[in-house]
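Structural description and commentary
Listed below are the residues making up each chain.
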Amino acid sequence: MSKAKRHFERFRILPLWQQSVIVTVVAVIGADTLTLGFYSVFFADRLMLDLVLTAVITIIVAFPITWLFLGQSAELMRLAEELCEVSRTDHLTRLANRREFMVSVGAVLSASKHPEGAGTLLFIDADHFKQINDTYGHGVGDEVLMALGQVIRDSVRQRDVAARIGGEEFAVFLDNAETADALAVAERIRSQAHYIAQAMQLDETGVTVSIGIARHRKGQRLDDVLRAADRSLYVAKKDGRDRIVQDVVLASAA
């Protein structure tokens, strides 16, 4: 980042009134400098009075105009940031959406130089979710998804990428995590999901998740890791749901 850009970023985060004061002061200095250069040659006897008048007029004109335009600029920047956030976030769970997950994790895998791979991926599916929707309605189903999103968010680190990638499916990429660490995180998510039913009084159906785990290997693309995790998830659901299956178990069973 260039020096000018760094100064602009510092200026941008200041309160609006401070930005307006700075711009007005710069305008006054510029106007008085021009007045000083011009009047010192032609009207030296009126120099001090005109310097004061120039400063007063500049303040009266510049400050409200600066306040107006900087305020509009700040609002546009705020809206742009909100739009950017919306484009990357799942509106219901406030986790990343599928597109953001693919872009962020894809970049991590491409940049990784670790010989053992970049990390471990969890593929998470809410069990019998259609039954929850059919029994309690889609509003309650949405609340369950929001609660699952919170459980996932509370179970991962800030540098990990957690996303809702569609319907009742979630994915988590655990950056630079070994399979044992991923199993611990997956178990935390699986066990905490049980408490959602208690909190929401859904004892008739319960809330459980099945989780498939795949370790990234050097040279693998994200699609490859997702397919491996999906295969593990398939086995978890086939074997009775509410369980965790990792890719090494799947490989040994093949």
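Notes on the structure in this doc start here. (Residues numbered from 1 in each chain as written. Predicted model: local features only at pLDDT ≥ 70, side-chain atom pairs only at ≥ 80, totals over all residues. Heavy atoms only, no water.)

A word on the nonpolar core. Formed by 30 residues in total, the largest nonpolar core has its most connected members in Leu122, Ile124, Leu148, Val172, Leu174, Ile189 and Ile211. Of all the elements in the fold, those that place two or more residues in this core are strand S1 (119-126), helix H5 (129-136), helix H6 (138-155), strand S3 (169-175), helix H7 (179-200) and strand S4 (209-215). Among the elements that line this core, the one with the most residues is H7, at seven residues. Sequence-distant contacts of Ile211, defined by excluding residues within four places in its chain, comprise Leu122, Phe123, Ile124, Ala186, Ile189, Arg190, Leu233, Ala236, Arg243, Ile244 and Val245. Of all hydrophobic cores here, the second largest spans 19 residues; its members include Val161, Ile165, Ala228 and Ala229. (Core = buried A, V, L, I, M, F, W, Y, C linked by side-chain atoms within 4.5 Å. Buried < 20%, exposed > 50% of the residue type's maximum accessible area, 1.4 Å probe, protein only. Helix = DSSP H or I, 4+ residues; strand = E, 2+ residues; numbered from the N terminus. Contact = heavy atoms within 4.5 Å.)

Tracing the backbone shows Asp160 in the loop between H6 and strand S2 (161-166). Since its relative accessible area comes to 9%, Asp160 is described here as buried. Among the polar contacts made by the side chain of Asp160, one reaches the side chain of Arg157 at a distance of 2.7 Å. Once residues lying within four places of it in the same chain are set aside, the contact partners of Asp160 are Phe173, Leu174 and Asp175. (Polar contact = N/O pair within 3.5 Å; in protein donor to acceptor, adjacent residues only side chain to side chain.)

So, on to the sheet that holds strand S5 (residues 244-246). The five strands are arranged S2-S3-S1-S4-S5 in an open sheet whose pairing can be described as mixed. One side of each edge strand has no neighbouring strand; the edge strands of this open sheet are S2 and S5. Neighbour to neighbour, the strand axes of the sheet diverge by 20 degrees on average, direction disregarded. With three bridges joining them, S4 and S5 adopt parallel strand pairing. From the neighbouring strand, Ile213 faces S5, where its bridge partner is Gln246. Its contacts with the sheet put H7 on S1, S3, S4 and S5, and the angle it makes with S4 is roughly 170 degrees. Contacts from helix H8 (residues 222-238) reach S1, S4 and S5 within the one sheet, and its direction differs from that of S4 by about 140 degrees. (Pairing = 2+ DSSP bridges. Axes fitted to C-alpha atoms, helices over the stretch in contact; angles between N-to-C directions.)

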